[in-house]
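This is what each chain is made of:
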Amino acid sequence: MRGRLDSIDLAILRELQADGSITNVELARRVGLSAPPCLRRVRALEEAGVIKGYRALVDPKPLGIEVVCFAMVQLQSQKQSDLVAFQAHVKDWPSVRECWTLSGDIDFILKCVAPNLSAFQAFVGALTELPNVRNVRTALTLDQIKDEPIVPIDEIDPADA
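Residues numbered from 1 in each chain as written. Predicted model: local features only at pLDDT ≥ 70, side-chain atom pairs only at ≥ 80, totals over all residues. Heavy atoms only, no water.

### Details of a nonpolar patch on the surface
Next, step 1: Together, Trp100, Leu102, Ile150, Val151 and Ile156 line one region of the surface with nonpolar side chains, adding up to about 450 Å² of accessible area.
Next, step 2: Tracing the backbone shows Ile156 in the segment after strand 4 (133-140).
Next, step 3: Residue Ile156 is classed as partly exposed on the basis of its relative accessible area, which comes to 30%. (Patch = residues over 30% accessible without salt bridge, like charges linked within 9 Å, V, L, I, M, F, W, Y side chains within 5 Å. Areas by Shrake-Rupley, 256 points an atom, 1.4 Å probe, with all protein chains shown as cover. Salt bridge = Lys/Arg side-chain N within 4 Å of Asp/Glu carboxyl O. Helix = DSSP H or I, 4+ residues; strand = E, 2+ residues; numbered from the N terminus. Buried < 20%, exposed > 50% of the residue type's maximum accessible area, 1.4 Å probe, protein only.)

### Quick word on the pattern of salt bridges
For side chains bearing opposite charge, pairing can occur when the charged atoms are close.
Next, step 1: Inspection of every chain in the model, using the stated rule, returns 8 salt bridges.
Next, step 2: With its nearest N and O atoms 3.1 Å apart, the salt bridge here joins Asp154 to Arg14. With Asp154 in the segment after strand 4 and Arg14 in helix 1 (residues 7-18), this pair connects stretches of sequence that are 140 residues apart.
Next, step 3: Among the residues examined, Arg14 registers a relative accessible area of 34% and is labelled partly exposed.
Next, step 4: For the salt bridge of Arg30 with Glu26, the shortest nitrogen-to-oxygen distance reads 2.9 Å. With a gap of 4 residues between them, Arg30 and Glu26 both fall in helix 2 (residues 24-31), about one helical turn apart.
Next, step 5: On the basis of relative accessible area, Arg30 is assigned to the partly exposed category, the value being 41%.
Next, step 6: Through salt bridges that share partners, Glu15, Glu26, Arg29 and Arg30 make up one connected network.

### Side note on the layout of surface pockets
Next, step 1: Volume-wise, the largest pocket comes out at about 2,600 Å³.
Next, step 2: Looking at the largest pocket, it is lined by 47 residues, and the ones nearest its centre are Arg55, Leu57, Glu98, Asp147 and Glu148.
Next, step 3: Broken down by element, the residue count for the lining of the largest pocket peaks at 5 residues, all from helix 1.
Next, step 4: Of the residues contributing to the lining of the largest pocket, the split by class is 27 nonpolar, 6 polar and 14 charged. (1 Å grid on protein atoms, 1.4 Å probe; cavity = no way out; pocket = protein on both sides within 12 Å on 5 of 7 lines; lining within 4 Å. Points joined across faces, edges and corners; volume = space filled by probe spheres on them. Nonpolar A, V, L, I, M, F, W, Y, C, P; charged D, E, K, R; others polar.)

Here's what the structure looks like:
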């Protein structure tokens, strides 16, 4: 779909990133369309895979999740089969909320959560014991300063989209 997005599509994406629960009628009003063509555009963006899904942003603290940390994992081997095996472990771990592969000396960075420090320590112990794990470095978060959607819509030129 790259090269076929216009300023209205980008406005739709900006509004939906800001509030995925917005009604189609309100979305259409904000982007200057009537409801039916707005809904068609949203469906086209979904079908093209530009919109991958919708989520509620849930505050973890009221639900007993007190610890957020990042774990930087270095493997002993980067053979494809070893990478796939590590990824399979990570995908099955509920406490791992995001996992990214990296270039350089760190192979993966994981964003993890735990209800408390002892659960966090148990997680780090289990992570360290996985096959092929050479090194795990962790950093506990203190405070979240910024949490924006991954795509900076306002920085995208419709001519380039």
